[in-house]
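Descriptive structure summary
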Amino acid sequence: MSVRVLTAGLAVWLMGPTGVWGAPGEEWAPPGALRQAGLTCYWQAQLPFQRGDSAVSVHLLEGSLYVATRMGDLHVADSGVGLLRWTRSVTERGRRVFKPTLLSTAAGQAAVLVTHTEGAHVYLRDTGETLAEVAGLWAAGGAAVGDAASLYVGSSDGHLYAVRWNDPVHHQPIHTW
């Protein structure tokens, strides 16, 4: 398993597509380039990417960075200090993982809803424990939104779907409409 380096800071956005990932343990951007831009490297995190994998999207939600990869993995790191919180394989290689959305469970636990093109997962935000897995109901056209019991997602077939991800009776996802 190779390890890539993710550097926090505005340098990522300023350098755009011209930046190149460094080798394990190297700075993402040369310190001189950061100084010229008036920036300083605050922290780096080593994410456990599979060999040949790369990040396709990074989202910042309430103090956590959600990094989706080409291989269908999701890495979650604390944005303040760069510590890896958890990693999950969300979908198959080449399937798109959409921007996660935050929600709370009926018990008040902080959760995150992660949608991919063919399903969705609800995880506890701090540990990555799987609370629900919804598979095969749609071809998602974008990120889903949800609440303590249901999720709602627009499909590429032009439909809007509602799924009760936290059904207290059946203890499995139920397609409601």
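Heads up: the structure comes first, above all this text.
Below, the structure is looked at part by part. (Residues numbered from 1 in each chain as written. Predicted model: local features only at pLDDT ≥ 70, side-chain atom pairs only at ≥ 80, totals over all residues. Heavy atoms only, no water.)

**Considerations on the side chain of Asp 78**
Topologically, Asp 78 is positioned in strand S5 (residues 73-78). Polar contacts involving the side chain of Asp 78 include one to the side chain of Arg 85, which spans 2.8 Å. (Helix = DSSP H or I, 4+ residues; strand = E, 2+ residues; numbered from the N terminus. Polar contact = N/O pair within 3.5 Å; in protein donor to acceptor, adjacent residues only side chain to side chain.)

**Some words on the sheet that holds strand S4 (residues 64-69)**
Spatially, the four strands line up as an open sheet ordered S3-S4-S5-S6, and their pairing is antiparallel. With one partner strand each, in any of the chains shown, strand S3 (55-61) and strand S6 (84-89) form the two edges of the open sheet. Sheet twist, expressed as the mean angle between neighbouring strand axes with direction ignored, is 15 degrees. Bridge count between S3 and S4: six bridges; the pairing is antiparallel. The residue bridging Leu 60 from the neighbouring strand is Leu 65, located in S4. (Pairing = 2+ DSSP bridges. Axes fitted to C-alpha atoms, helices over the stretch in contact; angles between N-to-C directions.)

**A short note on the sheet that holds strand S10 (residues 130-135)**
Sheet strands line up and pair through hydrogen bonds in the backbone, either parallel or antiparallel. As summarised here, the arrangement of the four strands in space is S7-S8-S9-S10, forming an open sheet in which the pairing is antiparallel. Strands with a single pairing partner mark the edges of an open sheet, and in this sheet they are strand S7 (101-104) and S10. With direction set aside, neighbouring strand axes in the sheet form an average angle of 20 degrees. As paired strands, strand S9 (residues 119-124) and S10 are joined by five bridges and run antiparallel to one another. Opposite Tyr 123, over in S10, you have Thr 130 as the bridge partner.

**Description of the environment of Glu 92**
Mapped onto the fold, Glu 92 is located in the loop between S6 and S7. Spatially, the C-alpha atom of Glu 92 lies 9.7 Å from that of Glu 118, the residues being 26 residues apart in sequence. When residues no more than four places from it in sequence are discounted, the contact partners of Glu 92 are Met 71 and Gly 72. (Contact = heavy atoms within 4.5 Å.)

**Quick word on the nonpolar core**
As a rule of thumb, soluble globular proteins bury nonpolar side chains together. Counting residues in hydrophobic clusters, the biggest one holds 16 residues, and the most contacted among them are Leu 113, Val 122, Val 134, Trp 138, Leu 151, Val 153 and Trp 165. Secondary-structure elements contributing two or more residues to this core are strand S8 (110-116), S9, S10, strand S12 (150-154) and strand S13 (160-164). When neighbours within four sequence positions are excluded, Trp 165 is seen to be in contact with Leu 103, Thr 105, Val 122, Leu 131, Ala 132, Val 134, Asp 147, Ala 148, Ala 149, Ser 150, Leu 151 and Pro 173. Membership of the second largest hydrophobic core comes to 11 residues, among which are Leu 61, Tyr 66, Val 90 and Tyr 123. (Core = buried A, V, L, I, M, F, W, Y, C linked by side-chain atoms within 4.5 Å. Buried < 20%, exposed > 50% of the residue type's maximum accessible area, 1.4 Å probe, protein only.)

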